[in-house]
Amino acid sequence: MLEEAWVAAGLAGVLGLLVGSFLNVVIHRLPQMMERQWAAEVAQYAQDARAAEGVGATAGAAPPPAPEAPAERFNLSTPRSRCPSCGHLIRWHENIPVLSYLFLKGRCKGCGTRISPRYPAVELLTGALFLFCGHRWGLTATAAAWCGFSAALVALAFIDWDTTLLPDDITLPLLWAGLLAAVLRWTEVPVQSAVIGAAAGYLALWSVYWAFKLATGKEGMGYGDFKLFAALGAWFGWEALVPVILMASVIGALVGIGMKFASSLREGLYVPFGPFLAGAGLTAMIAGPARVMQTLLGSLGL
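Owing to the predicted nature of the structure, the values given are computational and were not obtained by experimental measurement.

Caption draft 1: Structural detail: the packing of helix 7 (residues 223-236) against helix 8 (residues 241-261). Axis separation between helix 7 and helix 8 bottoms out at 10 Å; the angle between their running directions is 135 degrees. Comparing their axes, helix 8 and helix 7 come out oblique. Seen from above, helix 7 lies across helix 8 with right-handed handedness. Mapping the contact onto sequence places F229, L232 and G233 in helix 7 and L241, V244 and I245 in helix 8.

Caption draft 2: Geometry of helix 7. For helix 7, spanning 14 residues, the distance from its first C-alpha to its last is 20 Å, which sits close to the expected 20 Å at 1.5 Å a residue. Extensive coverage of helix 7 is indicated by the burial of 13 of its 14 residues. G237 lies just past helix 7 and shows a positive phi near 90 degrees.

Caption draft 3: Here's a closer look at the environment of L296. Along the chain, L296 turns up in helix 10 (residues 289-299). Take L296: its relative accessible area is 14%, and that puts it in the buried class. With 150 residues separating them along the chain, L296 and W146 place their C-alpha atoms 24 Å apart. If we skip the residues at most four places from it in the chain, L296 touches P243, L246 and M247.

Caption draft 4: Spotlight on the packing of helix 3 (residues 118-137) against helix 9 (residues 274-287). For the pair helix 3 and helix 9, interaxial distance at closest approach is 11 Å and the crossing angle is 25 degrees. The angle between helix 3 and helix 9 falls in the class roughly parallel. Crossing angle aside, the handedness with which helix 3 passes helix 9 is left-handed. The segment helix 3 lies against helix 9, with L129, F132, C133, R136 and W137 engaging L282, M285 and I286. Looking at the contact of helix 3 with helix 9, its residues break down into 7 nonpolar, no polar and 1 charged.

Scoring rules and cut-offs
- Residues numbered from 1 in each chain as written.
- Predicted model: local features only at pLDDT ≥ 70, side-chain atom pairs only at ≥ 80, totals over all residues.
- Heavy atoms only, no water.
- Axes fitted to C-alpha atoms, helices over the stretch in contact; angles between N-to-C directions.
- Helix = DSSP H or I, 4+ residues; strand = E, 2+ residues; numbered from the N terminus.
- Parallel < 35°, antiparallel > 145°, perpendicular 65-115°, else oblique.
- Left-handed = near helix turned anticlockwise from the far one by under 90°.
- Contact = heavy atoms within 4.5 Å.
- Expected span 1.5 Å × (residues − 1).
- Buried < 20%, exposed > 50% of the residue type's maximum accessible area, 1.4 Å probe, protein only.
- Nonpolar A, V, L, I, M, F, W, Y, C, P; charged D, E, K, R; others polar.

The values are spatial; any link to function lies outside them.
Below is the structure:
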């Protein structure tokens, strides 16, 4: 029985390394895809506005600008990965999780530019989370569900840290997947608790957002945080919302204070909240919300 558990864990861990390699692409490209989509929508809106106003329709008016050449396709699979410094195409044997980074000694094969160690770190983190899921739940639908949960939170944490964006393309499927997992009994959360958790998670941060904005005139967080907290409520139930938000807030405050003393806060003196919500969610998956709450209260002397 023990051997079977470790075989399941090993297979899940290897899969996690591969998924982590893909997550590096998602973390890098998805925000750029969103920005390109926004730019295209703005350009289309401007073109429609000009057409509605009859720009260029009257005699003697300047002709409308020539249409721009179609941009190169850009998505999660196209174009092929390449070095941003020299354009060297990454071959398959240069893209093996962790091993290729070690073999290349952390440098591009084409120009020798240093490769960020975050790439193998994301792969190792995802592999470790998948290994945990495989060991705890075996090769089951429950393990697959929590592996998907882990992958989504890893991607969201790094994207938000880099760009302060929490893409709907990840948060909303994560929310619906949590509700579906409860319906299919892939988690131990009752359906009623998952639904209430999703609604309460969204409304809780939505209320904090508006209270802060009315009091200060500033926005303290983004709508993506509401959706992510709603997703965590769906996966863990409404009972887990308090320990999750407490853990995320305490760690976020400590990191923010540390960054302030180190003068490493970005412009605007803020720290994105999404990575700490994601970290609290992963901790709750591993230790359980009850233990998270108990640890927090113990650390506060309560």
